[in-house]
Amino acid sequence: MSMLDLALEHALIRKAKLGDADAIESLIRAHQDALYAFILRMSGRPEMAEDVVQESFVRVLSNLDRFDDRFRFSTWVFTIAKRLYVNMRQKQAPVCDTDSLNFHAGAVDGPAGISEHNEGLQNTRGILDAALASLTDQQREVILLFHQQE
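About the criteria used
- Residues numbered from 1 in each chain as written.
- Predicted model: local features only at pLDDT ≥ 70, side-chain atom pairs only at ≥ 80, totals over all residues.
- Heavy atoms only, no water.
- Core = buried A, V, L, I, M, F, W, Y, C linked by side-chain atoms within 4.5 Å.
- Buried < 20%, exposed > 50% of the residue type's maximum accessible area, 1.4 Å probe, protein only.
- Helix = DSSP H or I, 4+ residues; strand = E, 2+ residues; numbered from the N terminus.
- Contact = heavy atoms within 4.5 Å.
- Phe/Tyr/Trp six-rings, centres within 6.5 Å; stacked < 30°, edge-to-face > 60°.
- Axes fitted to C-alpha atoms, helices over the stretch in contact; angles between N-to-C directions.
- Parallel < 35°, antiparallel > 145°, perpendicular 65-115°, else oblique.
- Left-handed = near helix turned anticlockwise from the far one by under 90°.
- Nonpolar A, V, L, I, M, F, W, Y, C, P; charged D, E, K, R; others polar.
- Expected span 1.5 Å × (residues − 1).
- Arc of directions from axis to C-beta.

Participant: I tried to follow the nonpolar core on my own but got confused; where do I start?
Facilitator: Nonpolar side chains in soluble globular proteins generally cluster together in the buried interior. Of all hydrophobic cores here, the largest spans 28 residues; its most connected members are L35, I39, V52 and F73. Elements with a minimum of two residues in this core: α1 (6–17), α2 (21–43), α3 (46–62) and α4 (73–91). At eight residues, α2 tops the list of elements feeding residues into this core. Residues in contact with I39, not counting those within four places in the same chain, are G44, A49, V52, A81, K82 and Y85.

Participant: Before we go on, may I ask you to explain the packing of aromatic side chains in this structure?
Facilitator: Centre distance and the angle of the planes are the two values used to describe a pair of aromatic rings. In this structure the tally under the stated criterion is four aromatic pairs. Between F67 and F73, the ring centres sit 5.3 Å apart and the planes meet at 80°, which makes this aromatic pair edge-to-face. Residues F67 and F73 agree in their burial class; the two are buried. Where F73 meets W76, the ring centres are 5.9 Å apart and the plane angle is 55°; that geometry is what we call tilted. Of the two residues, F73 and W76 are both situated in helix α4; the distance of three residues between them amounts to about one turn of the helix. Grouped by ring-pair contacts, the aromatic residues F67, F73 and W76 constitute a single cluster.

Participant: Explanation requested: the packing of α2 against α4 in the structure shown.
Facilitator: Describing two packed helices takes the angle between their axes plus the distance from one axis to the other. At a minimum axis distance of 10 Å, the contact between α2 and α4 shows a crossing angle of 40°. Classified by the angle between their axes, α2 and α4 sit oblique to one another. As α2 packs across α4, the resulting crossing turns out to be right-handed. Contacts between α2 and α4 involve L27, H31, A34, L35, F38, I39, M42 and S43 from the first element and F73, S74, V77, F78, A81, K82 and Y85 from the second. Of the residues contributing to the contact of α2 with α4, the split by class is 11 nonpolar, three polar and one charged.

Participant: Would you take a moment to explain the packing of α1 against α2 for this structure?
Facilitator: Taken N-terminus to C-terminus, the directions of α1 and α2 make an angle of 135°; their axes are 8 Å apart at the nearest point. The orientation of α1 with respect to α2, classified from their angle, is oblique. Remark: the crossing between α1 and α2 carries left-handed chirality. For the pair α1 and α2, the contacting residues are E9, L12, I13, K15 and A16 in the first and A23, I24, S26, L27 and H31 in the second. Class assignment of the residues belonging to the contact of α1 with α2 gives a composition of six nonpolar, two polar and two charged.

Participant: Please clarify how helix α6 (residues 137–149) should be interpreted in this entry.
Facilitator: An α-helical segment advances 3.6 residues per turn. Residues three or four places apart therefore align on the same side. Taking 1.5 Å per residue, 13 residues should reach 18 Å; α6 reaches 17 Å between its end C-alpha atoms and fits that length. Three or more residues of α6 are buried, namely R140, E141 and L144. Down the axis of α6, the buried side of the element spans an arc of 100°, and every buried residue falls inside it. Pointing more than 90 degrees away from the buried face of α6 are the exposed residues Q138, V142 and F146.

Quick look at the structure:
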């Protein structure tokens, strides 16, 4: 949600605390895509990202009464997800594979242009994967949060 939607978000949180299913659904929908993208880029593993996001929302909903509305809801959700990711990562070695992100490029004219464009994308993905893999976990997290969450 944007900064302009902060009042709406707080209203949804109040309703969700009272068990309003529509409010709960709205909160989840508002944050699930960004959270999934963040964890996917951190882990490189779609199945791990799905598990972390799902478990994150289970924890968020069971601890909603503990949310402090002086802070951004997204910060709280992302913090829970990051902690879960770190715990899961200790059990499984991370694999960075941006091909699993299902990147869709814009239209490129002609077969030669498409082939050249796809080769360029693959090369760029390889360079980005190598660069991300060379960073510490904290550095990678800062880069991903900056570019995905501004």
